[in-house]
Amino acid sequence: MRPVKLTMAAFALSLYLPAVARQHQAGQPKSPASQLETRFDQQLSPAHVGATIKELAAQPHHLGSARGKAVAEAILAKFKDYGWDARIATYQVLFPTPKTRVLEMTAPTRYKALLKEPALKEDASSGQEGQLPTYNAWGGDGDVTGQLVYVNFGLPEDYETLERLGIDVKGKIVIARYGRSWRGIKPKVAAEHGAIGCIIYSDPREDGYFEGDVYPKGAFKNEYGVQRGAVMDMVIYPGDPLTPGVGATENAKRLERSAAPTILKIPVLPISYHDAQPLLAALEGPVVPADWRGALPITYHTGPGKATVHLQVACNWDLVPVYDVIATIKGAQYPDEWVVRGNHHDAWVNGASDPISGIAALLEEAKAIGALVKSGYRPKRTLVYCAWDGEEPGLIGSTEWVEDHAEELQQKAVAYINTDGNGRGFLGAGGSHALTQLMDGIAKDVTDPQTKVSVYERRKALNLVRAAPAKRKELLDNKTLSLSALGSGSDYSPFFQHLGVPSLNLGFGGEDDGGEYHSIYDSYDHYSRFKDPEFHYGVALAQVAGRAVLRLADAEVLPFDFTDLYRTISGYVNELTAQATQMRESTEMENRLIAAHTYQLAADPTQPFVAPAPKAEVPYLDFSPLQNALVMLEKSSTKLRDTLSAAAVPPAVRQRLNEALYRAEQSLLTGNGLPRRSWFKHTIYAPGFYTGYGVKTLPGIREAMEQRNWKEAREQVRVVAEAVQRLSRKLEECASLIP
């Protein structure tokens, strides 16, 4: 997870927060639930969180390594010591590790890339044995030589710009900078345009000296830092590439590697800005547009020209064990209703921030809950705490476990609560919008460690400072926490987007920016200086996630409010109708400009330029099936909310009602999945086909519109409308259970 970046928030916070703090000083009688949570809080220790981070991040521990197994076993021992019933679930998965990495410029001068991060005396773990070299997992093996072209962030629109400049990347090697999308999109789009290789570099504008002092003086990426990472085409499906849709058990039927659609065909390699600068400086061709320019002290050109590079990548493609740690406390009243909590434990190197700061909070929760159980507490529902392996190479451990237990999870999983690293700053919360009220209450009950107001109020203050002036009144008037929509990039995907299990993703950040991500410098030394020096936000995360677990575990009636989901989906539909109108108007104007040769007249005659081609007119899309379905959802969700508010639910029907409530999200799945990626079945939320981590809401409709596939867009309107109707009928069923 990448933390949010801060704006100039301090002044507004200084005005806003003291008044809020006074509101929280009025004492209120403690309810039984809050008394339990007070006892829970008393078991949480920032010093213990810090000690856990130091212990588990002490050595490199990537998937398939001996130390990775040792970390899993250490976590298992902690769960058992805390009183949980714990075991390790093992799967056999494909994992490539590099054996050959070569990058050299062969013309107009020679330069051989270092491809190495140096150890630093200020960072005790940076020189350890067992570090994975700098590489991108799931690129193709290859040995290629070609002209070099700079493609900015490597997004589809960047190739449109190159096309207008008369530049074609077919048969060439591209160099893209990290940022604006998940890294795997960059080589995917490059290959679609005919490139034979892809280099991804970290520009200092994004997380280097342009942002602040570099490590070890400051938190940001020094000239040798490299971001490792997977480039698997996870928007098709995550997990083991050889066993799509089924758990990668020892005897699972496996695809041939050459047939796995999520493994890319071209070689890919990440590099530092030290290694990138000589390559970029050698490029000729047009000077790039202003928003393509990074912070290196060179003039950025697109290429191609005389600059030629040789790229060679080869990996060992081995089956390795995944070690998922699964710990449970059986529910006293509803043992077959599960509240599932997870964070991964594997890292590219030491991973103090990503993921160990998150797993430390999870283990702190487990310790606190174990202490409550030892003193007599029994959760009504079963708690399932999971430490996943293999998240970094593609959500592997969680996906294989979910696929292996899919039917049981759809019957029993009340919710999945995910974290994936943590830092100092502001609460970030995303997930199923039917859980908005649950998270709103929790955010208002947890105190921010620095300002002593609620984490809700601190987040709201940041949102106000960031907002455009026209939006501030609306934000001030809004009294409820807003959940973001979930794309991908962490272990909630298989639960949420494949099975329809209501999910949350939680974490703090925004005052912990840096350049250590997926490098050897994601270490305890870096974390304890720059991320959460006193480990107070580790406790804050445990308080937020722990409350979500406890409140879901012990609720007599599960706290789902589908009116929030209705309003959210309605907002997405309004966005799409406005987008369709805007596309129609902009296409008409664009075609008029093209027909009048306006682009040619505005271009510099001395520079290469290719005018854009006209686009087909945008037809009128009929959103009425979906709008009518939303009318049904508004009525059914309001009826259910009002019925639950007006009458107590008799004990005899609670279990049936609760089962219907937590399974309602599954109504939004489509059996055929999304177009061209059937693994993703949720009709409301998915990672974008060309954004990766970034979410696409109403993805079937939205992406069809973006691709100007109007036939598919009309079909997907009907698919989503039918899903919303199914949800409405499920909510009617829930209301009918209450006398």
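Structure first, text after, so check above.
Here we summarise the structure given alongside this text. (Residues numbered from 1 in each chain as written. Predicted model: local features only at pLDDT ≥ 70, side-chain atom pairs only at ≥ 80, totals over all residues. Heavy atoms only, no water.)

## Quick look at the side chain of serine 528
Looking at the secondary structure, you find serine 528 in helix 16 (residues 524-530). At 3.4 Å, the side chain of serine 528 and the backbone oxygen of aspartate 525 are in polar contact. When residues no more than four places from it in sequence are discounted, the contact partners of serine 528 are Pro533 and Phe535. (Helix = DSSP H or I, 4+ residues; strand = E, 2+ residues; numbered from the N terminus. Polar contact = N/O pair within 3.5 Å; in protein donor to acceptor, adjacent residues only side chain to side chain. Contact = heavy atoms within 4.5 Å.)

## Overview of the layout of surface pockets
One number sums up the size of the second largest pocket: a volume of about 1,000 Å³. Broken down by secondary-structure element, the contributors of at least two residues to the lining of the second largest pocket are helix 5 (156-164), helix 18 (562-595) and helix 22 (699-706). In terms of residues, the lining of the second largest pocket owes the most to one element, helix 5, which gives 7 residues. (1 Å grid on protein atoms, 1.4 Å probe; cavity = no way out; pocket = protein on both sides within 12 Å on 5 of 7 lines; lining within 4 Å. Points joined across faces, edges and corners; volume = space filled by probe spheres on them.)

## Notes on the pattern of salt bridges
According to the stated counting rule, one finds 33 salt bridges in the structure shown. Note that arginine 551 and glutamate 37 form a salt bridge whose closest N and O atoms lie 2.8 Å from each other. Placement of the pair is arginine 551 in helix 17 (residues 536-554) and glutamate 37 in helix 2 (residues 32-42), with a sequence separation of 514 residues. Across the pair glutamate 408 and lysine 412 runs a salt bridge whose closest N-O atoms are separated by 2.9 Å. (Salt bridge = Lys/Arg side-chain N within 4 Å of Asp/Glu carboxyl O.)

## Here we look at empty space enclosed by the protein
Applying the stated rule across the entire model yields 1 cavity of 30 Å³ or more. Each pocket or cavity is described by its volume, and for the largest cavity that value is around 30 Å³. The wall of the largest cavity is formed by Ala347, Trp348, Val349, Gly351, Asp354, His518, Ser519 and Asp522. Within the lining of the largest cavity, the residues separate by chemical class into 3 nonpolar, 3 polar and 2 charged. (Nonpolar A, V, L, I, M, F, W, Y, C, P; charged D, E, K, R; others polar.)

## Thoughts on the pairing of strand 11 (residues 381-388)
Of all 8 residues in strand 11, 8 are buried; the element is thus mostly enclosed. Taken together, the 5 bridges between strand 9 (residues 308-329) and strand 11 define a ladder with antiparallel strand orientation. When the sheet's bridge partners are listed, threonine 328 is paired in strand 11 with valine 384. Here strand 10 (residues 334-344) runs beside strand 11; their pairing, made up of 8 bridges, is parallel. Within the sheet, the bridge partner assigned to glycine 342 lies in strand 11 and is cysteine 386. As a crossover connection, the stretch from strand 10 through helix 9 (residues 352-374) into strand 11 is right-handed. (Buried < 20%, exposed > 50% of the residue type's maximum accessible area, 1.4 Å probe, protein only. Pairing = 2+ DSSP bridges. Right-handed = clockwise from strand over helix to strand, strands pointing away.)

## Concerning the packing of aromatic side chains
Taken as a whole and judged by the stated rule, the model has 21 aromatic pairs. Taking 5.9 Å as the distance between ring centres and 90° as the angle between the ring planes, the aromatic pair formed by tyrosine 135 and tryptophan 348 counts as edge-to-face. Placement of the pair is tyrosine 135 in the loop between strand 2 (111-112) and strand 3 (136-137) and tryptophan 348 in the loop between strand 10 and helix 9, with a sequence separation of 213 residues. A relative accessible area of 2% places tyrosine 135 in the buried class. When its relative accessible area of 3% is taken as the criterion, tryptophan 348 is described as buried. Put simply, the rings of Trp388, Trp401, Tyr416 and Phe495 touch in pairs and so form one group of aromatic residues. Positioned above the aromatic ring of phenylalanine 689 is the side chain of lysine 188, whose terminal nitrogen or guanidinium carbon lies 3.4 Å from the ring centre. Looking at arginine 677, its charged tip hangs above the ring of phenylalanine 680, at a distance of 5.6 Å from the centre. (Phe/Tyr/Trp six-rings, centres within 6.5 Å; stacked < 30°, edge-to-face > 60°. Lys NZ or Arg CZ within 6 Å of the ring centre and 35° of its normal.)

## Quick look at the packing of helix 18 against helix 22
Packing of helix 18 against helix 22 leaves a shortest axis separation of 11 Å and a crossing angle of 10°. Compared by their axis directions, helix 18 and helix 22 come out roughly parallel. Seen from helix 18, the contacting residues are Tyr572, Glu575, Leu576, Gln579, Ala580 and Met583; seen from helix 22, they are Ile701, Arg702, Met705 and Glu706. Counted by class, the contact of helix 18 with helix 22 contains 6 nonpolar, 1 polar and 3 charged residues. (Axes fitted to C-alpha atoms, helices over the stretch in contact; angles between N-to-C directions. Parallel < 35°, antiparallel > 145°, perpendicular 65-115°, else oblique.)

## Brief notes about a negative patch on the surface
On the surface, Glu157, Glu160, Glu163 and Asp168 cluster together to form a negatively charged patch. Along the polypeptide, glutamate 160 turns up in helix 5. Judged by its relative accessible area of 43%, glutamate 160 falls in the partly exposed class. (Patch = residues over 30% accessible without salt bridge, like charges linked within 9 Å, V, L, I, M, F, W, Y side chains within 5 Å. Areas by Shrake-Rupley, 256 points an atom, 1.4 Å probe, with all protein chains shown as cover. Lys, Arg positive; Asp, Glu negative; His and termini not counted. Charge placed at Lys NZ, Arg CZ, Asp CG, Glu CD.)

Remember, this is a structural readout, not a statement about activity or role.
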